[in-house]
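So you can see what is in the structure, the chains are spelled out below.
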Amino acid sequence: MTDYRDMWEKLGIDLEAHDGLLEVLPPIYEEHILSQENRPEGMGYFDFVFSEVHGLRIQELVEHKRKGGIVAGTFCTYVPEELIVAANGICVGLCSGADVAIDEAEKYLPRNLCSLIKSSLGFKLAKVCPYIESCDLLVGEATCDGKKKYYEILGQLQPLHLMEVPQMKLAHDVELWRSEVRRLLTRLEELIGRKIQEEELREAVSLINEKRRALLRLEGLRKSDPPLISGRDALLVSQIAFYDDPRRLIDKVGSLCDELEERKKRSEYIGGAHRPRILLSGCPMALPNWKVATLIETSGAVVAMDEMCTGIRYFDNLVDEEAQGMEGLLDAIAARYLKIHCSIFTPNQERLEHISELVEDYDIDAVVYYALQFCDPYTIEAFRVQQALEREGIPFLYLETDYSSEDVGQLSTRIQALIEMVAARDKT
Ligand code: BJ8
């Protein structure tokens, strides 16, 4: 085992609190991920990355900075990764999926705020996240009210650039968003002290598109019935994609997909038989949040698709690589990101249509809607999603929860009832 304590100390990590965090992660991982049977061998890489989550990858970030590169942290799939990569940067996702130092965070934030925001601040205040401590710049985005007001506080603790995200998609909103993409470019250029060249941006676009293609290939394999991979493993791959090296990730996701295709030829499935196929939809599930996915899959179903920002919303749609010149590329980047159907937009008919398409394409039996408590955009939009699905006769289960495990029993009962109902329908 490599000793990273010196590196963590230099980053300003509170070693004692950090030790406590590292002690609780392995049993969580064992319970939710390693306990699954017949996992593809290719998942071994992702297990390794998780085991080194605060070690090897942080060492790479430190080394990258030592050679003159930058690290930028983000909290939303709306922040264009291509710009950070073009600035010789590494982009790391900072959303957190576990309650850490919530009491401390609640000294700054109201109690009735979603777990994702409170725990993100908790990690910063407790000094247990070497990712955020490695960042030269945080890039926030004015999406939901909770996040944009939270960034005012976070910006007092670390340099932060805030992108304005429009709330509608009218012509002037498109213009606003294009100008925000350029404003981020300028901020990054100030940070690195030089202009970003068209060739650098073009290379970054091509690399991040490649990452999306790799993840989309894996999504395609989730259409298999019986399933070739569990929803939890697919979620883990996507969660790791937020901070792993893109080139290495492309390679490892490619090998995993090759293996799954070989397994398909041998009719080797996880579990071996048809299971009710669930689409998980709603708020993102950042590492190490597998609570609901585990409850679904240990109740005899499979999560066959995630309509979440830690799922398809993260890597759907490519940037147009044929775009001409720097301005063309920036507009193409803006256009791709504006296709993310986050519930902060109104109206958000495209999200409803996207969910219906996914239900059809992935042969989904039921939708489980995952909303974090106090998340207005997703809790409110659940009504329209339910309406749309009911019109199509698709069973819908609304779950409102947080990061604690107190409601596991109650959630499990409701999920089991849904799955039994779907299984009974399958038989008739
Ligand atoms: S593009 S989903 S990553 S904003 S859960 S913090 S919405 S109160 S995360 Fe998101 Fe970007 Fe949208 Fe995706 Fe607010 Fe809701 Fe909390 Fe949320």
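Preceding this paragraph is the structure being described.
S.K.: Help me understand the site of the ligand, please; the structure alone is not making it clear to me.
M.R.: Close to the ligand lie 16 residues; C76, C114, C144, C342 and C375 are nearest. Grouping the constituent residues of the shell around the ligand by class yields 12 nonpolar, two polar and two charged.

S.K.: Sorry, what's going on with the pattern of salt bridges here?
M.R.: Should the charged atoms of two oppositely charged side chains come close, the side chains can pair. All told, the structure shown has 41 salt bridges when counted by the stated rule. The residue D331 makes a salt bridge to R178 at a minimum N-O spacing of 3.5 Å. Linking D331 in helix α16 (residues 325–337) with R178 in helix α10 (residues 171–192), this pair joins segments that are 153 residues apart in sequence. On the accessibility criterion, D331 (22% relative accessible area) is partly exposed. Given the relative accessible area of 27%, R178 is considered partly exposed. With a closest N to O distance of 2.9 Å, R182 and D331 form a salt bridge. Of this pair, R182 sits in helix α10 while D331 is found in helix α16, placing the two residues 149 residues apart along the sequence. For R182, a relative accessible area of 21% puts it in the partly exposed group. Look at the salt bridges and you will find they share partners, linking E175, R178, R182, E327 and D331 into a network.

S.K.: What's the story with the pairing of strand β8 (residues 396–401) in this structure? I'm lost.
M.R.: Side-chain direction in a regular strand flips from residue to residue, so the side chains alternate between the two faces of the sheet. In this sheet, β8 lies alongside strand β7 (residues 366–372) in parallel orientation, the contact comprising six bridges. Its bridge partner lying in β8, L372 is registered against T401. Considered for its hand, the β-α-β crossover made up of β7, helix α18 (residues 376–391) and β8 is right-handed.

S.K.: Where do I start with the sheet that holds strand β5 (residues 277–282) in this structure?
M.R.: The four strands are arranged β6-β5-β7-β8 in an open sheet whose pairing can be described as parallel. The open sheet is flanked by β6 (302–307) and β8, the only strands paired with a single partner. The sheet shows a mean angle of 25° between the axes of neighbouring strands, taken without regard to direction.

S.K.: What should I look at first to understand the sheet that holds strand β4 (residues 160–164) in this one?
M.R.: Note: strands within a sheet are paired through backbone hydrogen bonds, in either parallel or antiparallel orientation. Judged by pairing direction, the sheet is parallel, and its four strands sit side by side in the order β2-β1-β3-β4 without closing on themselves. What marks the edges here is a single partner per strand, and that holds for β2 (89–93) and β4. The mean inter-strand angle of the sheet, taken between neighbouring strand axes irrespective of direction, is 25°. Relative to strand β3 (residues 137–142), strand β1 (residues 70–74) is paired through three bridges, and the arrangement is parallel. Note on β3: the bridge partner recorded for T74 is V139. Sheet strands touched by helix α4 (residues 56–66): β1 and β2. Its angle to β2, the strand with the most contacts, is close to 150°. Most of the contacts of α10 go to β4, to which it runs at about 165°, and overall it touches β1, β3 and β4.

S.K.: Explain the side chain of E297 to me, please; I cannot follow it from the model alone.
M.R.: Relative to the helices and strands, E297 is located in helix α14 (residues 291–297). Among the polar contacts listed, one links the side chain of E297 to the backbone nitrogen of V303, at a separation of 2.9 Å. The contacts of E297, once residues within four sequence positions are left out, are Q36, S230, G231, R232, V302 and V303.

Rules of the game
- Residues numbered from 1 in each chain as written.
- Predicted model: local features only at pLDDT ≥ 70, side-chain atom pairs only at ≥ 80, totals over all residues.
- Heavy atoms only, no water.
- Near = heavy atom within 4 Å.
- Nonpolar A, V, L, I, M, F, W, Y, C, P; charged D, E, K, R; others polar.
- Salt bridge = Lys/Arg side-chain N within 4 Å of Asp/Glu carboxyl O.
- Helix = DSSP H or I, 4+ residues; strand = E, 2+ residues; numbered from the N terminus.
- Buried < 20%, exposed > 50% of the residue type's maximum accessible area, 1.4 Å probe, protein only.
- Pairing = 2+ DSSP bridges.
- Right-handed = clockwise from strand over helix to strand, strands pointing away.
- Axes fitted to C-alpha atoms, helices over the stretch in contact; angles between N-to-C directions.
- Contact = heavy atoms within 4.5 Å.
- Polar contact = N/O pair within 3.5 Å; in protein donor to acceptor, adjacent residues only side chain to side chain.

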